[in-house]
Each structure stands twice: as C-alpha cells, then as structure tokens.
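# Summary of structural features
Listed here are the chains, written in short residue letters.
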Amino acid sequence: MRQHIMVVDDDDKITSLLRRSLAFEGYEVTTASNGMEGLKLLLTADPDMLILDVMMPQVDGWEVCRRVREGGSTVPILMLTAKDDISDRVKGLDAGADDYLIKPFALEELLARVRALLRRKSDKMDDSSSNKIVFDDLALDLDSREAIRSGRRIELTAKEYDLLLLFMQNPRRVLTRDAIMEKIWGYDFSGESNVLEVYIAMLRQKLEEGGAKRIIQTVRGTGYVLRGEG
C-alpha cells in the first residue's frame, strides 16, 4: 500500500508542485488550500505524514499542528514557512512539528526530509513491542508517550518524546550533538541554531520538576549522556 501524504498550503503553485513531485515518488497525495480545510479532511483521512504551511488564512499552520497533537495524533508533521527566525522555528517545533523547512526550498531536500520522517515513523512502530523503557527512577511509556518519574506523569511534546526515547535507548552512552541531530531531525542542523539546546533545556525542566536529580548530563565539547549521577 502506498504511503499517504497530506499537503496543506494556500499557495497553489507549491501545492501543485508537491502533488506532482510526491506522486512521482510513489506517494498518495491529498491537498488542502487552508488550515480549516485541512482540519476537516483530517477527520476522515488518515495520512502517514502531514506537510503544513505556517502562514494561511482562517487557521494558521501553528494552530493546525497544535490541534492535531491535542487530538492525540502522532502523524509526522513537516512545517513549511517563509519565516526564518529561530523563535518561529522553535514555536513550530514546540507546537508538535517534527521538522521545519524554510521557503524557498530545494525539492530534493524536501523529499529527503519526507523520507527521513517516514523512516522514523516506521522505526517508532518497531519500538512499540515493549510498553515501557526504564532507567533509574524514570520510565518512558511507549503507549501513552509519557514519562513517569517516581510516580509523577510527565506530558511530552512529540520532539521531547523522541529525544528522551533516544537517550533511554542508549543509557550511559555519550551521544554527540551531530548524532542526536541526525537521529531526531534527520539532517544536518549543525551551525544553524541552538534548537537542540533549547529542547534539552525544556526536557530537563520537566524531568527535574520538584527537585529531582539531573539525569541528562552535558559532556562538554561533545554532547549529552543519560546517567544517574547528578
């Protein structure tokens, strides 16, 4: 069965380009011209991935992304935007997007990111054979996508979950910044921004609430490691 991608963008030229290009690559493609139309289509469609423009009439991409995640969907979301400020990128990622591509973009790069997101979706399905991963006093529930620390449930955004899952699959192993970026974002983000540092900080804040000890440690000049000593 062909993988199904939904494109939501109010730019007819981009929508037409993506419809043709993705279909040529073998994907089934559904399109919507604005956020409200996209949300209505999602009530009946079950896409394997969502490509979502940010600046749209009626309902913008950030709001669409937020509503999709609030509805419990874990569908991979790639956001497209002309905005290149780091604050806008973090806003989109924090709303639950999995990746962020700035217009104008190279079609080859977009297709590469589509493949990476769909590949990671497949990897996550393989991970679901075990319901929980446990490290020290922290458990990660693979069904609810929540962290549980000393009985306290911690809600995670899609990207926070991916990041914590990577650490818990590699306990006590030092992960370089480049390796984390490649695994979580699927392409070279180095030199581009401090997105990884922002997400590490947000994840630590949630895990350490109430005075819990730090378990995601910084390895200066290298990356990060999950270990018990504080």
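Since this is a predicted model, take the numbers as computed values, not measurements.

## Points about the domain arrangement of the protein chain
As far as domains go, the protein chain holds domain 1 (4-123) and domain 2 (132-226). Taken over C-alpha atoms, the centre of domain 1 sits 25 Å from the centre of domain 2. Counting residues at the interface gives 16 residues for domain 1, matched by 17 residues for domain 2. Buried area between domain 1 and domain 2, summed over both chains or domains, comes out near 1,300 Å², and the portion from carbon and sulfur atoms is 53%. Per-residue buried area on domain 1 facing domain 2 is highest for L93, D94 and R120; these three make up 34% of the total on that side. Our count for the domain 1 to domain 2 interface comes out at zero salt bridges.

## Brief notes about unusual backbone geometry
Note the cis peptide between K103 and P104, where omega equals -10 degrees. Along the polypeptide, P104 turns up in the loop between strand 5 (99-102) and helix 5 (107-127). A positive phi is found at R145, a non-glycine position, where the angle reads about 60 degrees. Among the secondary structure elements, R145 is positioned in the loop between strand 7 (138-141) and strand 8 (146-149).

## Observations regarding the sheet that holds strand 6 (residues 132-135)
The strand order across the open sheet formed by four strands is 6-7-8-9, and the pairing between neighbours is antiparallel. Both edges of this open sheet fall to strand 6 and strand 9 (152-155), since each of them pairs with a single strand only. Ignoring strand direction, the axes of neighbouring strands in this sheet form an average angle of 20 degrees. Inspection of the sheet shows strand 7 paired to strand 8 by four bridges, in the antiparallel sense. Considered in strand 8, the bridge of A139 is made with I148.

Rules behind the numbers
Residues numbered from 1 in each chain as written. Predicted model: local features only at pLDDT ≥ 70, side-chain atom pairs only at ≥ 80, totals over all residues. Heavy atoms only, no water. Domains from an automatic or database assignment. Contact = heavy atoms within 4.5 Å. Buried area = accessible area lost by both parts, 1.4 Å probe. Salt bridge = Lys/Arg side-chain N within 4 Å of Asp/Glu carboxyl O. Helix = DSSP H or I, 4+ residues; strand = E, 2+ residues; numbered from the N terminus. Pairing = 2+ DSSP bridges. Axes fitted to C-alpha atoms, helices over the stretch in contact; angles between N-to-C directions.

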